[in-house]
Amino acid sequence: MSLLEVSGLQVSYGDTDVLFGIDLAVDEGEIVAVVGSNGAGKTTLLQTIAALLPCTAGKVKLDGQSIENSDTHRAVDQGIVYVPEGRRLFPRLSVLTNLELGAFCAHARPERDATLQRVYELFPVLKERAGQLAGTLSGGEQQMCAIGRGLMSRPRLLLIDEVSLGLAPVVISKVYEAIAEIRRMGTSVVLVEQNVHLAFKAADRAYVIKQGLVALQGESAALMNDPDVKKAYLGL
Ligand SMILES: Nc1ncnc2c1ncn2[C@@H]1O[C@H](COP(=O)(O)OP(=O)(O)OP(=O)(O)O)[C@@H](O)[C@H]1O
Ligand SMILES: [Mg+2]
């Protein structure tokens, strides 16, 4: 049994259908990439898994238990956390407070200080800037703070939307090193990434989403050599 099993997932915004039956699985300790063009439904997929959006049909199972259409708090309690595109920190609160707010759920609260130390080890810059207002962090630091805040809830599955968007190459490397370390610490990761090269390099497996459906899926290494993927997504 996979950690996460999504099957036949359908999602609509009002009368507009956006996901048409997505199947996706994530194993314990896996990094899985979701790629696809703008508007394909990647954010919708992640938000539905994290119970930020309801689905109209299909299942989302964590450890075999159905969790679709539950509420976001419950999803966090169960170990699923979504790190949104655009970071969405509280700009007028300190880095430390933003991180601490991530540890609101019952299983994370008693471990808060120990988790904070782990986040600081992962992103030393957050420790240096603990007292600084989050809104004054650089884009890269904000992404680190957003991922750190997600980790504060001690998730089993971290969903990260637009990992590298707007970040400088050196920062992107740091964030991807941290993602590899997060996996080593035992958390599975689903990442959405515009840069398909980066996504395939970081992930064990990948899904290509096209107009609300899985167009292709497989081991990243194999997908990288797929002629259709090369032509459509890798510019080769
Ligand atoms: N709140 C909303 N109300 C109506 N339609 C929406 C809403 N959010 C997204 N959509 C539509 O759903 C479709 C999928 O959007 P989504 O944001 O999931 O795509 P995406 O793959 O994440 O795109 P991007 O790469 O641009 O982030 C798009 O056509 C979008 O316009
Ligand atoms: Mg998106």
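All residue numbers refer to positions counted from 1 along the written sequence of the respective chain. Whichever chain is written first becomes A and whichever ligand is written first becomes 1, with later ones labelled in order. Totals for whole chains, interfaces and linings use every residue, but because this is a predicted model, local features are given only for residues with pLDDT of at least 70 and side-chain atom pairs only at 80 or more, for both listing and counting. Computation of side-chain values: all heavy atoms of the structure, hydrogens and water removed.

**Student:** Account for helix α4 (residues 112–122), naming residues and giving values.
**Tutor:** Along an α-helix, residues three or four positions apart point the same way, because every turn accommodates 3.6 residues. When accessible area is computed with a 1.4 Å probe and restricted to protein chains, residues below 20% of their type maximum are described as buried, those above 50% as exposed, and intermediate ones as partly exposed. Strands here mean DSSP runs of E at least two residues long; helices mean DSSP runs of H or I at least four residues long; both are numbered from the N terminus. Taken together, the buried positions of α4 are occupied by Thr115, Leu116, Val119, Tyr120 and Leu122. Projection of α4 onto a plane perpendicular to its axis shows the buried side chains occupying an angular sector of 155 degrees, all on one side. In α4, the exposed residues that point more than 90 degrees away from the buried face are Asp113 and Glu121. Against the buried residues of α4 lie α3 (95–101), α5 (124–128), α6 (139–151) and α7 (169–184). To obtain the arc, one takes the directions from the helix axis to the C-beta atoms. It only takes one pair of heavy atoms within 4.5 Å for two residues to be counted as in contact.

**Student:** Just give me the short version of the sheet that holds strand β7 (residues 157–160), but keep the residues and values in it.
**Tutor:** Note: two strands are recorded as paired if DSSP finds a minimum of 2 bridges between them. Judged by pairing direction, the sheet is mixed, and its six strands sit side by side in the order β6-β7-β8-β3-β9-β10 without closing on themselves. Pairing within the sheet leaves two strands with one partner each, and these edge strands are β6 (80–83) and β10 (213–219). Recorded for the sheet is a direction-independent mean angle of 15 degrees between the axes of neighbouring strands. Alignment of strand β3 (residues 31–35) against strand β8 (residues 188–192), held across four bridges, turns out to be parallel. When the sheet's bridge partners are listed, Ile31 is paired in β8 with Val189. Sheet strands touched by helix α1 (residues 42–49): β3, β6, β7, β8 and β9 (205–210). Its angle to β6, the strand with the most contacts, is close to 145 degrees. Orientation is described by axes fitted as lines to C-alpha atoms, over the contacting stretch for helices, and by angles from 0 to 180 degrees between their N-to-C directions. Most of the contacts of α7 go to β8, to which it runs at about 150 degrees, and overall it touches β3, β7 and β8.

**Student:** So, the site of ligand 1: which residues are in play, and what are the values?
**Tutor:** The environment of ligand 1 is formed by 13 residues, the closest being Gly39, Gly41, Lys42, Thr43 and Thr44. For the purposes of these results, a polar contact is taken to be a pair of N or O atoms within 3.5 Å, where, inside protein, one atom must be able to donate a hydrogen and its partner to accept one; residues adjacent in sequence count only when each atom of the pair is a side-chain atom. In the model, an oxygen atom of ligand 1 is placed 3.2 Å from a nitrogen or oxygen of the Ala40 main chain. In the model, an oxygen atom of ligand 1 is placed 2.9 Å from a nitrogen or oxygen of the Gly41 main chain. All accessible areas in this document rest on Shrake-Rupley with a 1.4 Å probe, and a residue is counted as covered only by the protein chains that are shown. In isolation ligand 1 offers 630 Å² of accessible surface; the protein chains occlude 57% of this area. For the shell around ligand 1, the leading source of residues is α1, giving three residues. Its residues assigned to classes, the shell around ligand 1 shows three nonpolar, seven polar and three charged. Being near a molecule or strand, for a residue, means having at least one of its heavy atoms within 4 Å of it. We call Asp, Glu, Lys and Arg charged. Ala, Val, Leu, Ile, Met, Phe, Trp, Tyr, Cys and Pro are nonpolar, and the rest, Gly among them, are polar.

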